Amino acid sequence: MRRYFVGGNWKCNNTLAQTQSLINSVINKLVFDTNKIEVAVAPIFLHLPWVQANIQKNVQLAIQNSSLTKMGAYTGEISVEQVKDFGIPWVILGHSERRQFYGETNEIVGKKTRLALDQQLSVMACVGEKLADRESGQTTNVIQAQLAAIKKELTIEQWSKVVVAYEPVWAIGTGKTASPEQAQEVHAFIRGWLKSQIGTQAEQATRIIYGGSVTEKNAADLIKQPDLDGFLVGGAALKPAFADIVAAANKGR
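Residues numbered from 1 in each chain as written. Predicted model: local features only at pLDDT ≥ 70, side-chain atom pairs only at ≥ 80, totals over all residues. Heavy atoms only, no water.

**Details of the nonpolar core**
- In terms of nonpolar packing, the biggest core is built from 65 residues, with I27, W159, I190, Y210, F231, V233 and F242 touching the most fellow members.
- Contact partners of F231, with chain neighbours within four places excluded, come to F5, V6, G7, I209, Y210, V214, A219, L222, I223, I245 and A249.
- Counting twelve residues, the second largest nonpolar core, distinct from the first, contains F5, I92, I209 and L232. (Core = buried A, V, L, I, M, F, W, Y, C linked by side-chain atoms within 4.5 Å. Buried < 20%, exposed > 50% of the residue type's maximum accessible area, 1.4 Å probe, protein only. Contact = heavy atoms within 4.5 Å.)

If you want it as structure tokens, here you go:
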């Protein structure tokens, strides 16, 4: 049985006071079985020190992005060596907003993933298709290309520290959610790809989570799908509803 995973991606949101309120009123009141589910949240870089010092021990921390370069003369960047040194265990890579607004290609995401895993960080690797891709029947081709760029950079053993996050771009922040059946179809494809390209162990052990307008209203139906192992939550991760989403994953199938 794969342990469920719920990530909260706070994106570029919150003042420090708002982050403190969210931690105290929602995150630190979460109750879940750590043998059954992992929970991680990703504040902005500036708030990480305060969050790290004040968050409950059962909730892990993630960063929302990391540099394509190591430490050195790279103004404005934060390297994975520094993330590891700071004690942050998770990094989100390949989010569609990084691809769309900052020009990150499949190849860049693959190289960033390798750098993070070389530092023994764990990675939420995001994949997903745009609306035009889905409407033209290219969903699996797009996702296969995204996964292949990661595979090119990793050893088989490194896949044990990867969580694949399927986030259809047309469902992120739009209020539109893939139906449970649509999500399961793509999750099953990803699991089949893992089996054929990485191996049976990766197929069985790798967690594949869903992101894209996940709310407290649809989480329970989504988690029932056999190849869906949790969620990467955006907007709802900033609200009390995040507790209901964690509870749905904690209950499981």
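**With respect to the environment of G8**
- Looking at where G8 falls in the secondary structure, it is placed in strand β1 (residues 4-9).
- Note: C-alpha distance between G8 and F101 (93 residues apart in sequence) is 20 Å.
- Leaving out residues up to four positions away in the same chain, G8 has contacts with A40, V41, A42, V233, A237 and F242. (Helix = DSSP H or I, 4+ residues; strand = E, 2+ residues; numbered from the N terminus.)

**Remarks on helix α8 (residues 180-197)**
- Between the first and last C-alpha of α8 there are 25 Å, a value that for 18 residues agrees with the 26 Å anticipated at 1.5 Å per step.
- Taken together, the buried positions of α8 are occupied by A183, Q184, V186, H187, I190, R191, W193 and L194.
- Just downstream of α8 lies G199, where phi reads positive at about 140°. (Expected span 1.5 Å × (residues − 1).)

**Some points on the layout of surface pockets**
- Approximately 610 Å³ is the volume found for the largest pocket.
- Taken together, 24 residues line the largest pocket, and the ones lying closest to its centre are F45, Q64, N65, R98 and Y102.
- Breaking the lining of the largest pocket down by element, the ones donating at least two residues are α4 (96-102) and α5 (106-118).
- For the lining of the largest pocket, the element with the highest residue contribution is α4, accounting for four residues.
- Grouping the amino acids of the lining of the largest pocket by side-chain chemistry returns ten nonpolar, eight polar and six charged. (1 Å grid on protein atoms, 1.4 Å probe; cavity = no way out; pocket = protein on both sides within 12 Å on 5 of 7 lines; lining within 4 Å. Points joined across faces, edges and corners; volume = space filled by probe spheres on them. Nonpolar A, V, L, I, M, F, W, Y, C, P; charged D, E, K, R; others polar.)

**Things to note about empty space enclosed by the protein**
- In this structure the tally under the stated criterion is one cavity of 30 Å³ or more.
- Estimates place the volume of the largest cavity at around 40 Å³.
- Along its surface, the largest cavity is lined by G94, H95, S96, R99, C126, V127, G128, Q146, E167 and V169.
- When residues of the lining of the largest cavity are traced back to their parent elements, those giving at least two are α4 and β5 (122-127).
- Residues that form the lining of the largest cavity fall into these classes: three nonpolar, five polar and two charged.

**Re the packing of aromatic side chains**
- Here the structure, examined in full by the defined rule, presents three aromatic pairs.
- Between F5 and W90 the ring centres are 4.6 Å apart and the planes differ by 50°, which places this aromatic pair in the tilted class. Of this pair, F5 sits in strand β1 while W90 sits in strand β4 (residues 90-93), and the two are 85 residues apart along the sequence.
- F5 gets classed as buried once you look at its relative accessible area, which sits at 0%.
- Given a relative accessible area of 3%, W90 falls into the buried group.
- Note on Y166 and Y210: the rings are 6.1 Å apart at their centroids and 55° apart in plane angle, and the pair reads as tilted. With Y166 in strand β6 (residues 162-166) and Y210 in strand β7 (residues 208-210), this pair connects stretches of sequence that are 44 residues apart. Each member of the pair, Y166 together with Y210, is buried.
- Residue placement shows R98 over the ring face of Y102; its charged tip is 4.2 Å from the ring centre. (Phe/Tyr/Trp six-rings, centres within 6.5 Å; stacked < 30°, edge-to-face > 60°. Lys NZ or Arg CZ within 6 Å of the ring centre and 35° of its normal.)

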